[in-house]
Amino acid sequence: EDAFVTNYKAEIVDPIMKTGKFTLVTEANVEGTSGNVVFMIRDKDMCVDVTAEGVSARLLVLEGKTYSIILTNAIPLVKGVYVEMEEEINTNVGGAGASLEYLKSEKVGIDGVEYICESYQHPDGTITQYYFKDGKWAMMGTVSDGATEIQKIVEFKKGVDDSKFTLDGYISLNELENMGK
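Residues numbered from 1 in each chain as written. Predicted model: local features only at pLDDT ≥ 70, side-chain atom pairs only at ≥ 80, totals over all residues. Heavy atoms only, no water.

Draft legend 1. Molecular detail of the pattern of salt bridges. What the rule picks out here adds up to eight salt bridges. The partner of Arg42 in a salt bridge is Asp45, with the nearest N and O atoms 3.2 Å apart. An identical accessibility class is assigned to Arg42 and Asp45; each is buried. The salt bridge involving Glu106 is made with Lys104; its shortest N-O contact spans 3.5 Å. Taking the relative accessible area as the measure of exposure, Lys104 reaches 42% and is therefore partly exposed. (Salt bridge = Lys/Arg side-chain N within 4 Å of Asp/Glu carboxyl O. Buried < 20%, exposed > 50% of the residue type's maximum accessible area, 1.4 Å probe, protein only.)

Have a look at this one:
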């Protein structure tokens with residue numbers, strides 16, 4: 001079978017990512033439990049909501065600072081508890097602006113379903129695989145150090161929920177610890 005070249009990433013994924021404001025929802029299986037990861041980019045800000053086993057956590061990158069938040073309704077009038085993290089997080093996601101090298105397109109069968117898979121290589125050697133089905137972005141794979149991790153794309157759209165990009169209504173862990181004193 002002749003090699004064929006497809007351009008679905010450029011047609012389907014890139015235009016939305018290039019707007020600088022998008023929402024990507026993936027289904028993640030972490031150690032046997034599945035949960036959704038809601039990933040939002042708003043220019044240089046980022047919000048990642050993870051819910052698994054009844055615990056909701058948020059990673060928020062706001063104006064260059066990174067916060068880890070546990071969402072809770074256990075404390076009256078407080079939406080969650082946050083700590084500021086030291087490390088900086090790269091908000092250039094999905095290689096939207098990265099120099100990705102196109103490797104190949106191929107037809108791939110997974111669980112009896114045929115997908116078109118486009119593979120791109122990052123400068124660090126990591127490979128991102130974009131799986132398309134019926135003109136839609138269906139799954140994303142990451143190949144790093146020989147291991148492949150595949151996530152199902154639940155939703156991918158322009159725009160974000162701006163209400164999630166704030167610390168209003170949240171309390172820092174320090175404040176919480178000082179409340180009891």
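Draft legend 2. Examining the nonpolar core more closely. Of all hydrophobic cores here, the largest spans 20 residues; its most connected members are Val13, Leu24, Tyr130, Trp137 and Phe156. Where this core is concerned, the elements lending two or more residues are helix H1 (8–17), strand S1 (21–30), strand S2 (33–42), strand S3 (45–52), strand S9 (127–133), strand S10 (136–144) and strand S11 (147–158). Excluding anything up to four places from it in sequence, Leu24 contacts Val37, Val38, Phe39, Trp137, Met140, Ile153, Glu155 and Phe156. In this structure, Met40, Leu62, Phe165 and Tyr170 belong to the second largest nonpolar core, which totals 11 residues. (Core = buried A, V, L, I, M, F, W, Y, C linked by side-chain atoms within 4.5 Å. Helix = DSSP H or I, 4+ residues; strand = E, 2+ residues; numbered from the N terminus. Contact = heavy atoms within 4.5 Å.)

Draft legend 3. A look at H1. Where H1 is concerned, the buried positions are Lys9, Val13, Asp14, Ile16 and Met17. Mapping the buried residues of H1 onto a view down its axis gives an arc of 165°, with all of them on the same face. (Arc of directions from axis to C-beta.)

Draft legend 4. Region of the structure containing the environment of Gly112. Take Gly112: it is sitting in the loop between strand S7 (101–110) and strand S8 (113–121). Through-space distance from the C-alpha of Gly112 to that of Ala147 is 22 Å; in sequence the pair is 35 residues apart.

Draft legend 5. Structural context of the pairing of S8. Alignment of S7 against S8, held across nine bridges, turns out to be antiparallel. If you follow Gly109 over to S8, its bridge partner there is Glu114. Counted between consecutive antiparallel strands, the loop separating S7 from S8 contains two residues, among which Asp111 sits at a positive phi close to 50°. As defined by bridge partners, S8 adjoins S9 across six bridges and the pair is classed as antiparallel. The partner of Ser119 across the bridge, within S9, is Gln129. (Pairing = 2+ DSSP bridges.)

Draft legend 6. A look at the packing of aromatic side chains. Inspection of every chain in the model, using the stated rule, returns eight aromatic pairs. With a centroid separation of 5.6 Å and an interplanar angle of 90°, the aromatic rings of Tyr67 and Tyr82 are classed as edge-to-face. Residue Tyr67 is found in strand S5 (residues 65–71), and its partner Tyr82 is found in strand S6 (residues 80–85); the two are separated by 15 residues along the sequence. You'll find Tyr67 and Tyr82 in the same group, each marked buried. When the centroid spacing of 5.5 Å and the interplanar angle of 40° are considered together, the rings of Tyr130 and Trp137 count as tilted. Neither Tyr130 nor Trp137 differs from the other in exposure class; each is buried. Here a set of aromatic residues connected by ring pairs shows up, and it is made of Phe22, Tyr102, Tyr120, Tyr130, Trp137 and Phe156. In this arrangement the basic side chain of Lys9 is found over the ring face of Tyr120, its NZ or CZ atom lying 5.2 Å from the centre. The ring of Phe4 is capped by Lys107, whose NZ or CZ atom sits 5.5 Å from the centre of that ring. (Phe/Tyr/Trp six-rings, centres within 6.5 Å; stacked < 30°, edge-to-face > 60°. Lys NZ or Arg CZ within 6 Å of the ring centre and 35° of its normal.)

What is shown is where atoms sit, not what they do.
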